[in-house]
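# Survey of secondary and tertiary structure
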Amino acid sequence: MKKYYLFILLLPTIFAFGQEEKKSPYLLNEIKVSPSFYLQGIESISYERIIGEDGSVGLELMYDFSKEHTALYKSNILAYYRLFFSNRVNTTGLFIEWSVNRYNVIQHNQISNGYAGLGIAVGGKFVNKNKWVADIFLGFSRTLDNHYEAKERIGLSVGKRF
C-alpha cells in the first residue's frame, strides 16, 4: 500500500516542466551604417536580426540629403534575408542575400513616383571579440516595372552587435 501512496505522490512530478527560458548565448541584434554609401552621397542605416543558426533578416534605409542629387537613389527602403554558409554558430562568414526594395530617383529635376525591385547579393560578415561587425557585399537589384532597370549594390557596412 505504501508503494501506491508513493506512486501517487510522485505522479505530478512526471508531468512537471521547468519554467526557465532558454537564452541564446549569442547577441541577436545589429545596427550598422554604410560608409561606402556615404561616399556616394547617401546616408544609410540598417538593422539586422539573427533569426536562427544560419539566417538573419534586416531592413536598410537610405536617403540622399545632398542638393546635387548625384547619388544612385534619392531614397531607398530595402528588406533582406541572409543565408550564411561558413560559420553557422554566430552567423558570420559568407552569405547570400535576397532582397526586396522600394526606391525613388531624381528624373528631370523631380522625384519619381517610385520603383519596386527584387535583388540578390553575395558577401561576407565579420565580427570581432568586442562585437563590432563589418559586412562587405556585391549584388544587384532589378525593377519590376516595364523597363526592367538593373541597379548595382556594392557596399561596406560597419556596426555593433548587441
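Residues numbered from 1 in each chain as written. Predicted model: local features only at pLDDT ≥ 70, side-chain atom pairs only at ≥ 80, totals over all residues. Heavy atoms only, no water.

## Remarks on the sheet that holds strand β3 (residues 55-63)
Strands in a sheet are paired, the pairing made by backbone hydrogen bonds, and the direction either parallel or antiparallel. Just so we agree on the cut-off: By the convention used here, strands pair only if DSSP detects at least 2 bridges between them. Segments assigned H or I by DSSP are reported as helices when at least four residues long, segments assigned E as strands when at least two residues long, and all are numbered from the N terminus. Here an axis means a line fitted to C-alpha atoms, over the contact stretch when the element is a helix, while the angle between two N-to-C directions is reported on a 0 to 180 degree scale.
In spatial order, the strands read β1-β2-β3-β4-β5-β8-β9-β10; together these eight strands close into a barrel with antiparallel pairing. In this sheet, neighbouring strand axes are inclined to one another by 25° on average, regardless of whether the strands run parallel or antiparallel. Strand direction decides the pairing type here: strand β8 (residues 115-127) and strand β9 (residues 132-143), joined by 11 bridges, are antiparallel. Looking at the pairing, K125 lines up with D135 of β9.

## Remarks on the nonpolar core
Where we set the bar: Residues belong to a common nonpolar core when they are buried Ala, Val, Leu, Ile, Met, Phe, Trp, Tyr or Cys residues joined through side-chain atoms within 4.5 Å. Classification of residues uses two cut-offs on accessible area relative to the type maximum, computed with a 1.4 Å probe and protein chains only: under 20% is buried, over 50% is exposed, and between them is partly exposed. Any pair of residues with heavy atoms lying within 4.5 Å of one another is described as a contacting pair.
In terms of nonpolar packing, the biggest core is built from 10 residues, these being F37, I42, M62, Y73, F84, F95, Y103, V105, Y115 and F137. Other than its neighbours up to four places away in sequence, M62 contacts F37, I42, E43, S44, Y73, K74, S75 and N76.

## Quick look at the environment of S34
Just so we agree on the cut-off: Counting of polar contacts relies on pairs of N or O atoms within 3.5 Å, with two restrictions inside protein: one atom must be capable of donating a hydrogen and the other of accepting it, and residues adjacent in sequence are counted only when both atoms are side-chain atoms.
Along the chain, the position of S34 falls in the loop between β1 (29-33) and α2 (35-39). Judged by relative accessible area, S34 falls into the buried class, the value being 4%. Between the C-alpha atom of S34 and that of E60, which follows or precedes it by 26 residues, the distance is 9.9 Å. The contact partners of S34, leaving out residues within four places of it in the chain, are S44, E60, L156 and S157. A distance of 2.9 Å separates the side chain of S34 from the side chain of S157, its partner in a polar contact.

## Overview of the pattern of salt bridges
Here is the rule: Salt bridges are defined by distance alone: a side-chain nitrogen of Lys or Arg within 4 Å of a carboxyl oxygen of Asp or Glu.
Tallying each qualifying case throughout the model produces 12 salt bridges. Here E48 makes a salt bridge to R82, at a shortest N to O gap of 3.3 Å. Taken together, the residues span a long stretch of sequence, with E48 in strand β2 (residues 43-50) and R82 in strand β4 (residues 75-84) at a distance of 34 residues. In this pair, the class of E48 matches that of R82, namely buried. With its nearest N and O atoms 3.5 Å apart, the salt bridge here joins K151 to E149. Residues joined in a network through salt bridges with shared partners are E30, K32, E48, E60, R82, E97, K125, D135, R153 and R161.

## Side note on the environment of N113
Residue position: N113 is located in the loop between β7 (110-111) and β8. Residues N113 and Y103 lie 10 residues apart in sequence; the distance between their C-alpha atoms is 8.9 Å. Setting aside residues no more than four positions away along its own chain, N113 makes contact with R102 and N104.

## Digging into a nonpolar patch on the surface
What counts, and what does not: Residues enter a patch when their relative accessible area is above 30% and they make no salt bridge; the linking distance is 9 Å between like charges and 5 Å between nonpolar side chains (Val, Leu, Ile, Met, Phe, Trp, Tyr). Reported accessibility uses the Shrake-Rupley method at a 1.4 Å probe radius. Residues are deemed covered only where the shown protein chains occlude them.
A cluster of nonpolar side chains, contributed by I31, V33, I45, Y47, L59, L61, I77, F126, I136, L156, V158 and F162, occupies part of the molecular surface with about 1000 Å² of accessible area. For the nonpolar patch, the secondary structure elements donating two or more residues are β1, β2, β3 and β10 (150-161). Note on placement: V158 falls in strand β10.

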